Amino acid sequence: MLNEQLGGNESQIASYKAQLAAKDSVLNNLKKSLTSALIDFKSDEIKVENRDGKLYVIMLDKLLFKSGNAEVEMKGQKALKALAKELSNNPNVGIMVEGHTDNIPMSGKTYKDNWELSSARALSVVRCLSDGGLPQKRLAAVGRGEFYPVASNTTEAGRAQNRRTEIILTPFSVEKQTAK
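The structure presented is a predicted model; accordingly, all values stated were derived computationally and were not measured. (Residues numbered from 1 in each chain as written. Predicted model: local features only at pLDDT ≥ 70, side-chain atom pairs only at ≥ 80, totals over all residues. Heavy atoms only, no water.)

Per the secondary structure count, the protein includes six helices and five strands. Dimensions along the principal axes, computed over C-alpha positions, put the protein at roughly 70 × 35 × 25 Å. Entry remark: accessible area of the protein is about 10,500 Å², with carbon and sulfur atoms responsible for 52%. Taking the average location of the 26 positive side-chain charges in the protein and that of its 21 negative ones, the two points are 3 Å from each other. (Helix = DSSP H or I, 4+ residues; strand = E, 2+ residues; numbered from the N terminus. Areas by Shrake-Rupley, 256 points an atom, 1.4 Å probe, with all protein chains shown as cover. Lys, Arg positive; Asp, Glu negative; His and termini not counted. Charge placed at Lys NZ, Arg CZ, Asp CG, Glu CD.)

Structure representation (structure tokens):
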């Protein structure tokens, strides 16, 4: 009986490994196609990286927004249009947009705080992706404010890295793909 249970576990493990390999293949192919689609943009404006089983498209705010503003600049719109076009070829990928800021308090009256600004920016990016042809049901917007820095907020260079938008791409599971 124990041998039968172990054999069942081995087949489950093999199934999980196959699912992980399929997911990794989707992520690697998507990374190649996105990197190619975004070739016109500088590496200090956009990065594409694998992290935690997901693909992150990281756009620094100097590409997307003016300081304290949530309206996407023309160059940022161009990047998001290229991204939307490429993602429309990959319907089995979920898309979450996270807005991030530095920790310098807001000085204008438009937004109450950095959290509100980051939420407005994430929503602006989602709208650009939707306008670029992506179905709204695939998109989600999240404002993270200054709460998830990637660098120190004690220097201007660090704060510039923290002012970013991360577009997190997650392949749907094999079961979810076949259920559609």
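The discussion continues.
Helical geometry note: an α-helix holds 3.6 residues per turn, so side chains three or four residues apart project in the same direction. Between its terminal C-alpha atoms helix 3 (residues 74-88) stretches 21 Å, which fits the 21 Å expected from 15 residues at 1.5 Å a residue. Of the residues making up helix 3, those classed as buried are Gly76, Ala79, Leu80, Leu83, Ala84, Glu86 and Leu87. Looking straight down helix 3, one finds that the buried residues subtend no more than 165° of arc, so they occupy a single side. Exposed residues pointing more than 90 degrees away from the buried face of helix 3 are listed as Met74, Lys78, Lys81 and Lys85. (Expected span 1.5 Å × (residues − 1). Buried < 20%, exposed > 50% of the residue type's maximum accessible area, 1.4 Å probe, protein only. Arc of directions from axis to C-beta.)

Bringing the environment of Tyr148 into the picture now. For Tyr148, the position within the fold is in the loop between strand 4 (139-145) and helix 5 (156-162). Take Tyr148: its relative accessible area is 48%, and that puts it in the partly exposed class. A sequence separation of 99 residues divides Tyr148 from Glu49, and the C-alpha atoms of the two residues are 17 Å apart. Sequence-distant contacts of Tyr148, that is, excluding residues within four places in its chain, are made with His100 and Arg164. (Contact = heavy atoms within 4.5 Å.)

As a further point, take unusual backbone geometry. Despite not being glycine, Asp52 shows a phi value in the positive range, around 55°. Take Asp52: it is sitting in the loop between strand 1 (46-51) and strand 2 (54-60).

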